[in-house]
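Below, each chain spelled out in residue letters.
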Amino acid sequence: MKGKIDGQFLLIDQHINMTLPPNQSSNPIVVIDIGARSGIQSLWTSSPHPVRVIGFEPDESECCMLNSRQQPSGCHGDTFGVTYYPVALGRVREKRKIYLYKDRRLSSFFLPNMNLLKHFPLDRLLMLEAFSIDAEAIVDCVPLDEFCHNEGINEVDFIKVDTQGSELEILQGAQETLSKTIAVAVEVEFVPIYEGQPLFADVDFFLRSQGFSLFDLNRHWWKRMVDKEIDSRGQMIFADALYMRDLWNQDESGPFWQSLHRDPSRVAKSAAIAGLFGYSDYAIDILKKCRQEQFINDRDYDFLKTQHVHFKDGKEGMKLSLLKKIARRFLPFLAIGDDSLKWTDRRYSHLLNERFYDNDESKDYR
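Rules and cut-offs
- Residues numbered from 1 in each chain as written.
- Predicted model: local features only at pLDDT ≥ 70, side-chain atom pairs only at ≥ 80, totals over all residues.
- Heavy atoms only, no water.
- Helix = DSSP H or I, 4+ residues; strand = E, 2+ residues; numbered from the N terminus.
- Buried < 20%, exposed > 50% of the residue type's maximum accessible area, 1.4 Å probe, protein only.
- Contact = heavy atoms within 4.5 Å.
- Areas by Shrake-Rupley, 256 points an atom, 1.4 Å probe, with all protein chains shown as cover.
- 1 Å grid on protein atoms, 1.4 Å probe; cavity = no way out; pocket = protein on both sides within 12 Å on 5 of 7 lines; lining within 4 Å.
- Points joined across faces, edges and corners; volume = space filled by probe spheres on them.
- Axes fitted to C-alpha atoms, helices over the stretch in contact; angles between N-to-C directions.
- Parallel < 35°, antiparallel > 145°, perpendicular 65-115°, else oblique.
- Nonpolar A, V, L, I, M, F, W, Y, C, P; charged D, E, K, R; others polar.
- Pairing = 2+ DSSP bridges.
- Core = buried A, V, L, I, M, F, W, Y, C linked by side-chain atoms within 4.5 Å.
- Salt bridge = Lys/Arg side-chain N within 4 Å of Asp/Glu carboxyl O.
- Left-handed = near helix turned anticlockwise from the far one by under 90°.

### Overview of the overall build of the protein chain
Helices and strands together make up the secondary structure of the protein chain, namely 14 helices and 11 strands. Across the 366 residues in the protein chain, those meeting the buried criterion constitute 51%. For the protein chain, the proportion of contacts with a sequence separation of at least 24, taken over those separated by at least 6, is 72%. Just so you have it, the protein chain exposes about 18300 Å², and 50% of that area is on carbon and sulfur atoms.

Following this line, the structure appears as structure tokens:
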């Protein structure tokens, strides 16, 4: 596999897309997307900083299809690029059985936990064979650290992992890569959807031990199959967790801190990632901390603040902020449902979304 990514990480000319003043060079945000079957997150295509995405999808046919897609609209080839690899990642190099379910999005190294799933409307999906095993395959797993070493990838800025239960072991096989990573997005479960899978507490403990802090949870609730007249919020089952590097609890002799000291573009990318995910306050904190440590100068600070910090739009912004605060306070207690909905196959999918599945985004908690 050596050389497959050669040429993907060339420095971007300053006149194309500057993220630092003219006396500094810039290079792209390097994003690792593990479990890339659905394609990349759209927010990366709107980044003011150049982006390179390396995606992993073990299904070779799906991987070929992803690579054949055109780049997202509005993206310039010099500032955005994505390449997918048909590689399975794990804690160590080994051969491992993967269960390929009828719904390939559910495929996993783990078997589904039927004792849990039978209490939720997912058992209807089971009747439709979504979780039934279509095939089994033996795949060669490699640690992310080994892949990056073989491909000459020295620094990764952002890692996203969504692999139906194997997220923790993939992260454990990426400790060298994580040591210089700015942020991690990972799907976490609060109950075992798959038999024997690690849960949120396990993933959280590991990432905190690697110097990350939990910033956000986009939580998802499922409601049990009971009388439809019952008003209930349901149980929190899983979430999309976002972890950011905790700059105030870093070993100053460690790899991440040293990378900021050595390369000012790492400061720019840290602020860019915080801004892209909506944490302008943290972006400013990062810039202030790095200016205090003299990793960047006043000119760098002013430029990066302009690029990556988002400001409210006057009174309208204040009104929107107030509405969001009200929503966060009261919406968890509001009933969700529409008695006019009927149990029909034609409207089943819509009814599931309305009555049984819920998440923070649909409630506009943010």
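### Considerations on empty space enclosed by the protein
In this structure the tally under the stated criterion is 3 cavities of 30 Å³ or more. Volume-wise, the largest cavity comes out at about 50 Å³. Lining of the largest cavity is provided by G165, E167, L168, E187, V188, E189, Q197, P198, L199, F200 and V203. When contributions to the lining of the largest cavity are tallied by element, the ones reaching two or more residues are α5 (167-172), β8 (183-189) and α7 (200-209). In terms of residues, the lining of the largest cavity owes the most to one element, β8, which gives 3 residues.

### Here we look at the packing of helix α8 (residues 255-262) against helix α9 (residues 264-276)
Closest axis-to-axis distance for the α8/α9 pair is 5 Å, and the angle between their directions is 110 degrees. When the axes of α8 and α9 are compared, the pair comes out roughly perpendicular. Touching F256, S259, L260 and R262 of α8 are P264, R266, V267 and S270, all from α9. The residue makeup of the contact of α8 with α9, split by class, is 4 nonpolar, 2 polar and 2 charged.

### Here we look at the sheet that holds strand β5 (residues 94-101)
Spatially, the 3 strands line up as an open sheet ordered β4-β6-β5, and their pairing is mixed. Only two strands of the sheet have a single partner each, and these edge strands are β4 (88-89) and β5.

### Some remarks on the nonpolar core
With 42 residues, the main nonpolar core has W44, F158, V267, I273 and F277 as its most contacted residues. Broken down by element, this core gets its largest block of residues, 7 residues, from α9. Not counting the four nearest positions on each side in its chain, F158 is found in contact with V30, V31, I32, Q41, W44, T181, A183, V184, A185, L242, I273 and F277. The next biggest cluster of nonpolar side chains, apart from the first, holds 33 residues, and it includes I34, L89, V161 and F206.

### With respect to the pattern of salt bridges
Any two side chains of opposite charge can pair, on the condition that their charged atoms come close. Inspection of the entire model under this criterion finds 18 salt bridges. Between E62 and R37 there is a salt bridge, and its shortest N-O distance comes to 3.7 Å. One end of the pair, E62, is in helix α1 (residues 60-68); the other, R37, is in the loop between β1 (29-34) and β2 (51-56), with 25 residues separating them in the sequence. Note that R93 and E146 form a salt bridge whose closest N and O atoms lie 2.5 Å from each other. With a gap of 53 residues between them, R93 in the loop between β4 and β5 and E146 in helix α4 (residues 144-151) connect regions that are remote in the sequence. For E146, a relative accessible area of 25% corresponds to the partly exposed category. A single network of salt bridges, built from pairs that share partners, joins E155, D157, R262, R266 and K269.

### Topic: the packing of α9 against helix α10 (residues 280-292)
Between α9 and α10, the least distance of the axes is 7 Å, while the angle of their chain directions is 165 degrees. Overall, the two elements α9 and α10 adopt an arrangement that is roughly antiparallel. When you trace α9 past α10, the crossing you get is right-handed. For the pair α9 and α10, contact is made by V267, S270, A271, A274 and G275 and by S280, Y282, A283, I286, L287 and C290, respectively. Looking at side-chain class alone, the contact of α9 with α10 contains 8 nonpolar, 3 polar and no charged residues.

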